[in-house]
Every structure is written in structure tokens, then in C-alpha cells.
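# Descriptive analysis of the structure
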Amino acid sequence: MINFEYIRTSSAKAAVDAKTKNKAAQFIAGGTNLVDLMKKGVTAPQRLIDINALPLKEITTDAKGVSIGALVPNSVAAENKLVIEKHPLLSMALNAGASAQLRNMATVGGNIMQRTRCPYFYDITMPCNKRQPQSGCGAMEGYNRMHAIFGASDKCIAVHPSDMCVALAALNATVIVNTTKGEKKIPFADFHRLPGDTPELDNNLAAGELITSVHIPANRFNKNYYLKVRDRLSYAFALVSVAVALEVKDGIIKSASIAMGGVAHKPWRLTEVEKYLIGKSITANVFKEAAEIALTGAKTYQHNAYKIKLGKSAIVEALTKATV
Amino acid sequence: MDNHSLLSETFFADDDRVDGLAKVTGKATFSAEFKPAGLTHAVFVCSTIAKGAIRHLNIYEAKNAPGVIDIIYHLNCPDVPGFKPVDRTTNPNARSFTGLKVFYNNMVVSNGQPIALVVADTYERAVYAASLVKVEYIKENAETDFEKNKFNDKLLKPRPDYVRNQKDAWATAEVKLEEEYTMPIETHNPMEMHATIAVWEGGKLTVYDKSQGPKNVQGELSRLFAIDEKNVQVITEYVGGAFGSGLRSWPHVHAAVIAAKKLNRPVKVTLNREQMFTMVGYRPQCWQKIGIGASKDGKLNGIAHHAVSNTSAYEDFTEGISSVSQYLYDCPNVFTTYKILPLDVNTPTWMRGPGPASGCFALESALDELSYKLNIDPIELRLINNAEVHPQSKLPWTTKFLKECYALGKEKIGWHKRPTTPGTLKEDGMLVGYGMAVGVFGAGRSAATAKGILKNDGSLLLQSAVSDMGPGTSTAMVKIGSEQMGLEENKVRFELGDTDFPTGPTQGGSGSATAVGSAVIAVCDAIKLSLKEMAIETVAAFKNFKPDDIKYENGKLVAANNSASIHFIDLLKEAGKPELQVSKSSSGFAQRDKYATNSFSVHFVKLHVHPVTGVIKLKHMVSAADAGKIISEKTARSQMVGGAVGGIGMAMTEETIIDHRYGRYINSNFVDYHVPVHADVPPMDIVFPNQPDYIISPTGAKGIGEIALVGVAPAILNAVYNATGKRVRDLPVTPDKLL
Ligand SMILES: Cc1cc2nc3c(=O)[nH]c(=O)nc-3n(C[C@H](O)[C@H](O)[C@H](O)COP(=O)(O)OP(=O)(O)OC[C@H]3O[C@@H](n4cnc5c(N)ncnc54)[C@H](O)[C@@H]3O)c2cc1C
Ligand code: SF4
């Protein structure tokens, strides 16, 4: 049997120390992703550091925004009054993820850190540069209906599967991290990486670092919507998703923040669209134009060409739903 | 409309499943849960290429892993007598084994084929050791792509073409169309995964197996291992769904028996979800083409229905996909063909509604398309072409209440709201569509035997060696026994799933209720006769009567002139007998030369399609089924609902995907292979004309399991067209296909 050690830690510092000491150790939170990966043989941590006892389960607010502890279950965050009131977009995105049972177990930190659902990544008999660098990309010329249309490389075309992260990206969140040298803040846009030549790296969290919370700054977005298009109505990953946060006054868009999921190795911010929308009025034509801009530069593969059309439709629909 | 709820249906009285409580409280023991003393755990090593041979299988490291007891593979596997080619010159009746011969030689015929079995003291250790087995292959080019090869020269023709009058008369009709319809592999994914425990004691073999036919498994194991049937006992008391995957015994059953014999210890083999995809069959991928034509007033003139489905390279699996077009409608000219394409994959098998499920998808879609061309309501079109007698044999049906199904379902779904022009009705910003389609399946009655034990405590125990994969066979048999004997249902018990019980049929083709029910009725009749004879013999007041003069009423024997009466409990006591045992058989349906026998269903769907994203939301479904007499209303309804959910999967979500470069399934798990979830399933109404068919069997039943699913997928696709004006002829209809 592949044995592993299991330890429980009760402080963030102890957890960081334990992980820093052992490169083959991994944190375990809800376990909904990690345990599957272990069962499939994708990963084999030598030591599991259980962080569930850490005091990272609070949701707090101050003038600057809302902070959500890394160990807050997805379901708790989704139903939290502060979250619903101040950041309804996040609540919508959380509720669009997985199933009720999974959301009860899944934590905010684990959700950020979850790995791609590329089937080649999960099947250890298949080539996959992310699982095993230099082994080739199974999806590139294989079955790639779920794969990226933006920011992919010739090494990897996987997408980040999270719904929550798409909303956090749109909400300009910050990931708060504990390191051996103290606390570190990583803007959400810089947290996840594009695959480039190192698809084995999903994000910029260094070995040993622990996510302790995410902070969502106060904002003036009064029109929000999270749209997820999937193959079945629950318990399926996004074909594409769109998180829309708009500040609208007197029918004019003052500011906009939009991100897409299911299209790239990280939540995909639509900065060009955001720029375009500022000062525009809410009309179907504006939304159509926004969708065109959004999908400019998309690159598709054998099975995912539909994502361009679907992506445009989803953007129009999300903007429409946000502004009704 | 939207206040329907799955549970609020008040049409039915409360009648729970007799085994429901055991199932939901964990008291039911499923095959993998038996714990014979000394049980060992076995896990397969499976091939990772689709075609070729094993050059070398290195078990050194695995063999030395902790807890490992043995590793069985082709080089050390004991001979299985039944795997040897049969010599028909010496034994003309010998049945040759056609399935995958596990560990028989070094050939690899599909990706995911079991090539070694690691037996260890715990499951986890077996899993780990299996991961250490290293295999070197001699790889050959494999062909797994159905699309690319569906017309290649390897196609086999399992049955002659069918021609009624002119082959292509449809092409000369006033209104006509010709279209192709395709569907992917749909994999068997019952909740309970297959598992087998084999125990050899002396020369006796006991097998705990997830199966739809314990007698069938017993027969096969007896042939394969050359032991007398009476020395093989198969136990399959509870089955957590099977849908056809348990209709035959698969390599894991044989492997468990081989290993238990070799090691002289009980061995359990459990499949994981991935292995369910490569080892227990699936509904084959298929391509169909239909040419159909009618006169302007809607009378069908001709149908040409062609089908190709896949099989494996080592076994021919057929399911007669295009045959439905021969008899579902009254049509003078019919031409059907059916071919199978061998691919380097594992063998398909029957899946709920095999044949008609795929065939009706094409035929019922084509009929819907024709209705728009004709500008005739789809129900009306079907009524115009309703077959009064079986169009092929010209025989009358034993019973046929299809017209009643149209009427009942049409009313419930609110058919009058259906827009006649597609894409024109909106509700809450969503496109609204209504659709319907017909389902059909063969009905009949096979032979069965049951035993009845009437006890002097007033209870009746019934037994038959059948299985209950979920339809509620036990519940129905208890109802029949209770009705026949005039006993409270809680006084009647039905035991099944053990080959030591009298022979019963394999559960499949919607035939359990009629077959086993008829045997139960025969047993009850025989018990009543024995009681009468017993009364004449032992009770003075009955002495001068003949059995015919005595009535059996609610447990009491009553003499003709009411001069004497005695309850069977008292009679058994008086006769000094604690119980009365009777075994009885009922024969198969013997009037096929006089009657056609079918069950019918009509499915209705109301759905929404998002005009921008193409996401479908089912809003309401109604299934009306001409299933004969409804014996147990709650389980009958549950079967219909379950079948409809299977149909939703077929129409909208299920698709097994192969990466043809490796010939390997790449979505063999519940995350990527989408079975419908609750959110996909709308409120559902189930309606039954509930008309008994006493020609087929004394139970009055015709069968439900298959017609519950057959026709559901085309009803959904037809509703999608009605909502959007987009005709999707390639299943499943995922959002990207509606953009
Ligand atoms: C069937 C299925 C369907 C799903 N569908 C969806 C979906 O539709 N949308 C969606 O968004 N998600 C979906 N998910 C994914 C789910 O959201 C993630 O599995 C979950 O969020 C992971 O959280 P966890 O706490 O269980 O993480 P774990 O499994 O415990 O950990 C995952 C990874 O994160 C690391 N980690 C955990 N906490 C921290 C921390 N505080 N700091 C640093 N590293 C940490 C672990 O070391 C591990 O590498 C689905 C999952 C499954 C199994
Ligand atoms: S897309 Fe990325 S994760 Fe998928 S096979 Fe290629 S390298 Fe691996």
C-alpha cells in the first residue's frame, strides 16, 4: 500500500512549518479533490497535514470589505448573509458548483487550489504534461470538448474548473497567504497561472504556503450575475461560465468587472470588454458588441469550437440577466 | 402545471416495497457484502492497449507486496474446461462459450480487458499490488471508431433483410423524408457495481453474485467448470440496479470462481466504476437511416429503416434495432436492414428496452418530422396509421390499449397548448416545446416454477430462483399471493435470489411479473386443491364432498351448501401438519400462432429551451403505459419514473467517449459520464389504462420495465424541435447542439 503519514495541526504556523519541512507533504481540507487524486494515483503525498482544526472558519467584514476564512465550507459561504448582501455574485457562483453534498465538504481554500478536471490528467495511463512533465498532452489531439480557448500553450490546454474563482476574479479579491516569513497578499488575477512551459504549476503559491483567507474589497457593483452553462442542471463542470459585476447608474455603466470560467487555465478576466462597457448604456447591441470583443483571439481545438458561440451567448445572457 | 410533484401523486394508494425498509436501512445484504470465513479480496489488472498481445507480465514486485496471496494470469491460470473450443463431432449439442475467456491466453482484444487478478488479504492491498504489475505489450493497430468505419467491409449481417412488398416505396410518396439518426455508446451504470464472491467447499461451489438470473449463472458456471448444476449454488438476493448488465455472467464472475478454486479460499472480486465501463456491457453505438413517406392525408406508404450498431471483435451482439418499423404502424411497404460492426472494444449487451429503445428514437423522430411536413398533429398521424392487427403477421394483439394511452397522456400534459409552428411559444422568456413519442416492447410469458409453503400460523412463504434488480418483483409476488390466498399482505413473503429455490426465469425483457406471477398463481391453486383434499380426508363434516364442491374463501374452506367450514389454520392443526408445501410450474406462452403480444407506451414532454444558451429544462413529463393489469401500483409507477429518467439520460446527457488513438474510454467515471441528476428530472405523471391481459397470463400483466424507457428520448427530441425549430438527430442533445 502507498502509506502516508497523517498529522493534524492547530495553528497556521505549525501547518506552514510542517509543509515547508517536507516537500512531499500536502494540506488536506475537505478532501473532495485531494482524496480522489490519491485514489486515482495522480498524486501520492507522503504526509497529509490536516488543517481542518485551524481557526480559519470565520467570515468577517469591515469598511474595506469581506474576509472569508480558507476553511469556510463552500455551502456556508454561499448562504452567509454578509456574502449574499455584499457579494451576491460570489454566492451565486458557489451555488452553481458541484452538488450540495460536495459544497458542504469543500472549503474555500481547497476550491481555489483544486486541480483541473482534464480526463487525461486523471488517467495515469495517458500522457499528460501537467501530471507528468514531458509526457505529452493527451488532450491536444484527443478529446478536448471541455478545454481552453484562451491562454493555452502547446504544452497544456486544460481549464481551471472552479466556479467560485471566476466570481472572486471578477470581484478583485485578494488571496491571503501564510508563509514562513509571515503574511503575503496575492491579487486574485495573479494567483493562478497560465500553463506556458510549466503546466505542472497551477498557481503561484510557493511550496509550504498556506491560504488563510480571501478578502473581497467593498465595491459599487449593483448589478451582478453568475451564469453557468453545463451539460446537466447540477453536478457538472461549466462548459463556459460568466461572472458579471456592473456598477450602473441611470442606465449607464460606470464600471464593469467580468470574468469567464471554463475557457482558460485560470479565471479569464475580460479587461477589454470592461473598458468597452464603461459609459455605455444598457442595450442588446452593446452586449452583443461586448460578446464579440470578449471572444476575440479565442483559439479552439477539435471538439471545443462551440465555446466561441456559446461564450458569446453566455456573455450576452449574463449581462442581460445582471441588468434586468 | 408546475405544482406536480414526484411524490404528491394521489392516484395510487400507499403500497410500499416489501424490501424497501431493508434497502434504505442498510439491512439488505448485497453481493459484495457477504463475509464468508477466510474471505480474500481480488482486484483486476486491466489492459491499457486495445489490441495486441501481452509480451511480458512482470509480477515480481506485486507478488512481494504486503498481503498478496496470489496473482493469476494467463500463464498460471488453471484450465477452465468450458473455455476450450467445443468438438461438435463428438457432441453436436455442445454450447461453445462466446464471451471473453478470462486469462485464457495472452491476447488483448480491448482496452480495459482484465489480464491479471491480484488476490490479497485486504482490498486496499490488492489495489496497491495491482498497480505494481508491469505489462509489456506487442501492440497492434486497433479500430474503435464507429463513425469512421460504419460502412466498412467488415460489417456483419446477423439477420436477413426484411421486405414487405416494395423496398423503397416511401421514395415515391407525396410527402417524404430521409434522415440519419445517431447515438453514442451508453454505458451500464447502476448504482451498485458488479461484484462476485466465490466459495468452493469440497466439490461444491457457492457464488454470491449481482445478477438478473441466478439460474443462468448456475448453468453457465456448471458448463464452464464442468461440475454438476446441483453442486453450484448462486445467491443474488438483492440487486442494486442492473438494467441488463446482469443478464449474463461476465469475466469477473469466472475470475472469482477460478481464483477461489485455485487458492481453495473464498475470493471476492469487485469492479470499480472504471471497470464497469470495460467489463459489463453497454448499449451499442448506432447509426440509423429512415426513409418514410405518406400520402397528403397522412396515410403511410412506405418505411425503409436501416441500422448499424457496434459489437466487439470477439463476439457478435445483436439487438434488432430496425425491427420496430415492421410492426409499430400499419404501413404497406416496409424494408428493414440491420448490420453490426465489429470494433476492438468490449462486447455490448442489452440495456433497458434493447433494440426498440434505439429503433424508436429514429422511427419516432422521423414520424414527428413527417407530421410537420404533412401539417398533421403528431398524435393524429399516429392514429391514422394505427395498426389494428400486427402488420407483419396479421395476427390480432392479445390486448392493445395504445389509443387509450394517447388520450390519457394528451390530456395530462395539456397537448392543446402545443404550438403548431415550432419556436413560436414563449413562457418566462423561454422557448416552450411539447413532444410525444411511442414506445413498444415484446410481451409474453416464459416458463417458471415456484414453491409455496402454507404454514399453520396463517402465513404463506413463496419461493422462486429469480432476481429482483429493482422493479419490485417481490412486492408484486406478495400481492399476487395475498390476493390468491385471501391473506393479508404482511402474512405473505416471497423469497428469491437462490438457485436452491425452484427454477425461475432470468429477469429481463419485462417478463418477471407474468412468468413468476403465473407460477405463483399455479402454486396457490394447487395449495387450495390440497387443502380441499385434506379437508375431505381429515374433517368429518367434509367427508362426503368432492374438491369441486368446496370453495376457498379468504383462508376458509367452505362446503357447497355452507354446511361446513374450516379455516386452513385449523385444518392444518387438525391434520397434524405444521405446513403444506407445493411446487408448481407454469409453462411459457403457447399461442404465438394466434396472437401478437406487445406492451405499448406513449411519452409526453413539455420543456423549456433557453433561447440564448440552448440549455434545456424539462418542465413536465407524462408517461402512459399499456402494461396490462397493474399489480403493484407504487412499484409500477416507480418503474415508469425510473425508465423515464433513463430516457432523459439517453436523450440529453449520456455518452461514452473513446479516445480512438488508444481505444480507451476517457469518461469512465461519474464526473464525466453524465447520468441525469434530480435537477434534470421534472415532475412526472404516470398513467395506466390498467387493462388486464388474461390471454398472455393469468396475472393480467404485460410488462413495464422496457416501455418505461422506449420512446422517452424521441419524445424529448421532438419537444426540442417544437420549442426551437432545430431538429437534433445525434444524441445526446447537449447545449452546444442547440446554438
Ligand atoms: C464530482 C465533483 C463535481 C464538482 N463540481 C464542481 C463544480 O461544478 N464547480 C466547482 O467549482 N467545483 C466543483 N468541484 C470541485 C470542488 O469544488 C473541489 O473539490 C473543492 O472545492 C475542493 O475543496 P476541498 O476543501 O475539499 O479541498 P481538498 O481536496 O482538501 O484539497 C484540494 C487541494 O487544495 C489544497 N489546499 C486545501 N486547502 C488549502 C489551503 N488552505 N491552503 C493551501 N492549499 C490548500 C490541498 O493541499 C489540495 O492540494 C467538484 C468536485 C467533484 C468531486
Ligand atoms: S490539457 Fe493539460 S492537463 Fe490535459 S492532458 Fe494536456 S497537459 Fe494534461
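Residues numbered from 1 in each chain as written. Chains lettered and ligands numbered in written order. Predicted model: local features only at pLDDT ≥ 70, side-chain atom pairs only at ≥ 80, totals over all residues. Heavy atoms only, no water.

## A look at the site of ligand 1
Neighbouring ligand 1 are 35 residues, the closest being F27(A), G31(A), T32(A), T107(A) and D163(A). Surrounding ligand 1 is a set of residues that belongs to chains A and B. For ligand 1, an oxygen atom lies 2.9 Å from a polar atom in the backbone of N33(A). A distance of 2.7 Å is found between a nitrogen atom of ligand 1 and a side-chain nitrogen or oxygen belonging to D163(A). Bound to the protein, ligand 1 loses 96% of the 980 Å² it would expose on its own. Those elements that place two or more of their residues in the shell around ligand 1 are β2 (25-28), α2 (34-39), α7 (108-113) and β8 (210-217) of chain A. No other element matches α7(A), which puts 4 residues into the shell around ligand 1. (Near = heavy atom within 4 Å. Polar contact = N/O pair within 3.5 Å; in protein donor to acceptor, adjacent residues only side chain to side chain. Areas by Shrake-Rupley, 256 points an atom, 1.4 Å probe, with all protein chains shown as cover. Helix = DSSP H or I, 4+ residues; strand = E, 2+ residues; numbered from the N terminus.)

## Description of the sheet that holds strand β4 (residues 107-108) of chain B
All names here are of chain B. Taken in spatial order, the 3 strands make up an open sheet running β4-β2-β6, and their pairing is antiparallel. At either margin of the open sheet sits one strand with a lone partner, and together these are β4 and β6 (134-139). Here strand β2 (residues 52-58) pairs with β4 via 2 bridges, running antiparallel. If you follow G52 over to β4, its bridge partner there is V108. (Pairing = 2+ DSSP bridges.)

## Regarding the sheet that holds strand β7 (residues 182-187) of chain A
Residue and element names in this part refer to chain A. The 5 strands lie next to each other as β4-β5-β8-β6-β7, forming an open sheet whose pairing is antiparallel. Every interior strand has two partners, whereas the edge strands, β4 (59-62) and β7, have only one. Put simply, the sheet's adjacent strands are angled 25° from each other on average, direction ignored. Inspection of the sheet shows strand β5 (residues 65-69) paired to β8 by 5 bridges, in the antiparallel sense. From the neighbouring strand, G65 faces β8, where its bridge partner is P217. (Axes fitted to C-alpha atoms, helices over the stretch in contact; angles between N-to-C directions.)

## A few points about empty space enclosed by the protein
Tallied over the full model, the rule gives 6 cavities of 30 Å³ or more. Of the voids in this model, the largest cavity is the one considered here, and its volume is about 430 Å³. If you go around the largest cavity, you meet 29 residues; those closest to its centre are R145(A), M146(A), D231(A), D672(B) and H674(B). Considered class by class, the residues forming the lining of the largest cavity number 13 nonpolar, 10 polar and 6 charged. In this structure, the second largest cavity is lined by 19 residues; those nearest its centre are L100(B), W250(B), P251(B), M279(B) and Y314(B). For the lining of the second largest cavity, the elements supplying multiple residues, two or more each, are α6 (251-263) and α7 (273-279) of chain B. Across the lining of the second largest cavity, the residue classes break down as 8 nonpolar, 9 polar and 2 charged. (1 Å grid on protein atoms, 1.4 Å probe; cavity = no way out; pocket = protein on both sides within 12 Å on 5 of 7 lines; lining within 4 Å. Points joined across faces, edges and corners; volume = space filled by probe spheres on them. Nonpolar A, V, L, I, M, F, W, Y, C, P; charged D, E, K, R; others polar.)

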